[in-house]
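If you want the building blocks of each chain, they are given just below.
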Amino acid sequence: ATVRDTMPGKACRKAQGACHIDHFLPGVAKCFGTGAGMEEGADALIDSYWHLWSADLGPLGISKAAARECLLQRGMVNVWTALTPGGVRQHPLAVIDKRSIDLEGDQAFQSFNTLPICFPGLTSTLTALRKGAVPSTRWLFKPEMRFGDMLLFSTTETPHAAVRLCNMPDAHRQSAEMRF
């Protein structure tokens with residue numbers, strides 16, 4: 001889980017303003033040098049995270065192979081929730097309408113670039129939207145999300161970012177997100 005707070009001086013992470021996909025499987029595969037397909041990306045993602053996931057999934061009888069199959073069949077989801085008292089007025093989470101951008105085949109790599117992200121004990125990836133892809137995208141968000149309102153979206157296929165709303169006063173935002 002990630003908790004974010006845009007108020008200056010807070011120890012929480014700030015809102016992620018770069019448009020990204022957390023675990024875009026073809027990009028994960030390409031970044032780790034194992035190919036550029038969904039299957040290779042699922043293998044690379046699970047290999048990277050298994051030392052963290054196995055303690056939770058193993059007792060449930062979920063093997064690495066079963067996790068791979070689930071990832072390929074259902075993907076992963078992101079649950080984002082507003083925690084701002086009174087509602088989110090600035091920096092809401094927005095998602096790109098997937099009908100407005102091509103995430104298939106080589107065209108995806110014209111719109112996005114996947115980079116390794118290194119944490120202590122974990123190498124992951126982040127797939128960022130390239131500047132040239134921005135003009136064709138359509139953004140969607142829910143205005144003034146209230147405390148506890150949630151967005152549910154694919155974390156392996158949906159580009160998203162915190163966005164600054166024009167003509168709106170600056171206001172801090174608190175949120176949390178969990179990826180499953």
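You'll find the structure just up there.
Residues numbered from 1 in each chain as written. Predicted model: local features only at pLDDT ≥ 70, side-chain atom pairs only at ≥ 80, totals over all residues. Heavy atoms only, no water.

J.: What exactly am I supposed to notice about the packing of aromatic side chains here?
T.: Geometrically, a pair of aromatic rings is defined through the distance of the ring centres and the angle of the planes. One pass over the full model with this rule turns up 3 aromatic pairs. Ring geometry for Y49 against W53: centres 5.2 Å apart, planes inclined by 25 degrees, an arrangement best described as stacked. Placement of the pair is Y49 and W53 together in helix α2 (residues 38-57), with a separation of 4 residues, close to one helical turn. Note on Y49: relative accessible area 13%, which makes it buried. (Phe/Tyr/Trp six-rings, centres within 6.5 Å; stacked < 30°, edge-to-face > 60°. Helix = DSSP H or I, 4+ residues; strand = E, 2+ residues; numbered from the N terminus. Buried < 20%, exposed > 50% of the residue type's maximum accessible area, 1.4 Å probe, protein only.)

J.: I keep staring at the side chain of S111 and nothing clicks. Help me out?
T.: Examined against the element boundaries, S111 turns out to sit in helix α4 (residues 105-111). The residues contacting S111, other than those within four sequence positions of it, are I101, D102, A128, L129, R130 and A133. (Contact = heavy atoms within 4.5 Å.)

J.: I would appreciate a short explanation of the sheet that holds strand β8 (residues 150-154) in the present structure.
T.: Paired through backbone hydrogen bonds, the strands of a sheet run either parallel or antiparallel to each other. Across the sheet, which stays open at both edges, the 4 strands sit in the order β1-β10-β3-β8 with antiparallel pairing between neighbours. Whereas interior strands pair on both sides, the edge strands pair on one side only; in this sheet they are β1 (2-5) and β8. Strand-to-strand twist across the sheet, computed as the mean angle between neighbouring axes with direction ignored, equals 20 degrees. Examined bridge by bridge, β1 and strand β10 (residues 174-179) share 4 bridges and lie antiparallel to one another. Bridge pairing in β10 places T2 opposite E177. (Pairing = 2+ DSSP bridges. Axes fitted to C-alpha atoms, helices over the stretch in contact; angles between N-to-C directions.)

J.: What should I look at first to understand unusual backbone geometry in this one?
T.: A negative phi angle is the norm for most residues apart from glycine, just as the trans form is the norm for most peptide bonds. In this structure, H91 is a non-glycine residue whose phi angle is positive, near 65 degrees. Note that H91 resides in the loop between β3 (77-82) and β4 (93-96). Even without a glycine there, the phi angle at N167 is positive, about 60 degrees. Structurally, the position occupied by N167 is in the loop between β9 (160-162) and β10.

J.: What's the story with the nonpolar core in this structure? I'm lost.
T.: Nonpolar side chains in soluble globular proteins generally cluster together in the buried interior. By size, the foremost hydrophobic cluster in this structure holds 12 residues: L25, V28, A42, A44, L45, I46, Y49, W50, A67, L71, M76 and L122. Elements supplying a minimum of two residues to this core: α1 (25-31), α2 and α3 (64-74). With 6 residues, α2 is the largest single contributor of residues to this core. Within the second largest apolar cluster, 11 residues are counted, among which are I21, I96, L103 and F112. (Core = buried A, V, L, I, M, F, W, Y, C linked by side-chain atoms within 4.5 Å.)

J.: Would you mind showing me how to read the packing of α2 against α3 here?
T.: For any two helices packed against each other, one specifies the inter-axial angle together with the distance between the axes. Between α2 and α3, the least distance of the axes is 9 Å, while the angle of their chain directions is 125 degrees. By the criterion of interaxial angle, the relationship of α2 to α3 is oblique. Seen from above, α2 lies across α3 with right-handed handedness. The residues of α3 that touch α2, namely those facing M38, E39, A42, D43, L45, I46, D47, W50 and L57, are K64, A67, R68, L71 and L72. Across the contact of α2 with α3, the residue classes tally to 9 nonpolar, no polar and 5 charged. (Parallel < 35°, antiparallel > 145°, perpendicular 65-115°, else oblique. Left-handed = near helix turned anticlockwise from the far one by under 90°. Nonpolar A, V, L, I, M, F, W, Y, C, P; charged D, E, K, R; others polar.)

J.: Explanation requested: α2 in the structure shown.
T.: Counting along an α-helix, one turn takes 3.6 residues, and residues three or four places apart therefore face a common direction. For α2, with 20 residues, the first-to-last C-alpha span of 22 Å runs short of the 28 Å given by 1.5 Å per residue. Roughly 75 degrees is the biggest bend found in α2, and it falls at W50. Those residues of α2 that fall on the buried side of the exposure criterion are G41, A42, A44, L45, I46, S48, Y49 and W50. Buried-residue contacts for α2 involve α1, α3 and β6 (122-129). (Expected span 1.5 Å × (residues − 1). Bend = angle between axes of the 7 residues up to and from the residue.)

In short, the description is geometric, and any link to function would need to be established separately.
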